[in-house]
Amino acid sequence: MKKLFLLFVICSLFSTLRSQSVNNIPLREIQAEYVEMTVIPKAFSSKKNILIDYGQVTGFSLAPKEAALRDSDGKYIDFASPMEALNFIAKNGFELITAFSPPTENSTWRIYLLRNKNFKARAVGE
């Protein structure tokens with residue numbers, strides 16, 4: 001019984017390390033050197049969601065589902081603030097280059113340009 005419990009704990013730890021994904025790609029495995037993270041407020045909540053744009057094809061909405069950061073169950077990951085989201089993304093191998101708000105009146109969105117430190121550049125033709 002102890003061995004079964006230990007196996008369950010180890011599997012749970014491994015799955016939580018790899019559970020954050022964008023468009024079904026684990027966050028640490030995104031193959032793009034630069035990404036754009038957009039922090040958007042959740043409707044009727046103080047929480048925030050983040051969208052990750054690494055050049056993937058997305059739908060035509062303002063918050064395309066293909067860009068949403070999700071957990072292993074496919075649910076949006078909520079953050080208390082943009083800084084919590086930025087710290088989370090930094091722990092996953094991204095570094096901040098610059099941040100700005102869209103040039104619209106009363107915008108509550110924040111956009112962060114990030115460099116993916118996990119990215120391995122390949123030679124042209126590989």
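Residues numbered from 1 in each chain as written. Predicted model: local features only at pLDDT ≥ 70, side-chain atom pairs only at ≥ 80, totals over all residues. Heavy atoms only, no water.

### Let's talk about the sheet that holds strand β3 (residues 34-41)
Then, number 1: Across the sheet, four strands lie side by side as β4-β3-β7-β6; this open sheet has antiparallel pairing. Strand pairing shows two members of the sheet lacking a second neighbour, β4 (48-53) and β6 (94-100), which therefore form its edges. When the angles between neighbouring strand axes are averaged without regard to direction, this sheet yields 25°.
Then, number 2: Relative to strand β7 (residues 110-116), β6 is paired through six bridges, and the arrangement is antiparallel. Counted as the bridge partner of Phe94 is Asn116 from β7.
Then, number 3: Across the sheet, helix α2 (residues 82-91) is in contact with β3, β4, β6 and β7; its angle to β3 comes to roughly 150°. (Pairing = 2+ DSSP bridges. Helix = DSSP H or I, 4+ residues; strand = E, 2+ residues; numbered from the N terminus. Axes fitted to C-alpha atoms, helices over the stretch in contact; angles between N-to-C directions. Contact = heavy atoms within 4.5 Å.)

### Overview of α2
Then, number 1: Turning to α2, its buried residues number three or more, namely Pro82, Ala85, Leu86, Phe88 and Ile89. Seen along its axis, α2 keeps its buried residues to an arc of 160°; they face one direction.
Then, number 2: As for α2, its buried residues are in contact with β3, β4, β5 (69-70), β6 and β7.
Then, number 3: Downstream of α2 by a residue or two, Gly93 has a phi angle that is positive, lying close to 100°. (Buried < 20%, exposed > 50% of the residue type's maximum accessible area, 1.4 Å probe, protein only. Arc of directions from axis to C-beta.)

### Quick look at the side chain of Thr38
Then, number 1: As for its placement among the helices and strands, Thr38 is situated in strand β3.
Then, number 2: You can call Thr38 buried: its relative accessible area is 7%.
Then, number 3: Aside from chain neighbours lying at most four places away, what touches Thr38 is Asn49, Ile50, Leu51, Trp109, Arg110 and Ile111.

### Remarks on the packing of aromatic side chains
Then, number 1: If you walk through the whole model with that rule in mind, you get one aromatic pair.
Then, number 2: Seen from their ring centres, Phe79 and Phe88 are 5.3 Å apart, and the 55° between their planes marks the pair as tilted. (Phe/Tyr/Trp six-rings, centres within 6.5 Å; stacked < 30°, edge-to-face > 60°.)

### Some points on the environment of Asn24
Then, number 1: Within the element layout of this structure, Asn24 appears in the loop between β1 (21-22) and β2 (25-26).
Then, number 2: Each C-alpha atom of the pair Asn24 and Leu69 lies 9.3 Å from the other, and the pair is 45 residues apart in sequence.

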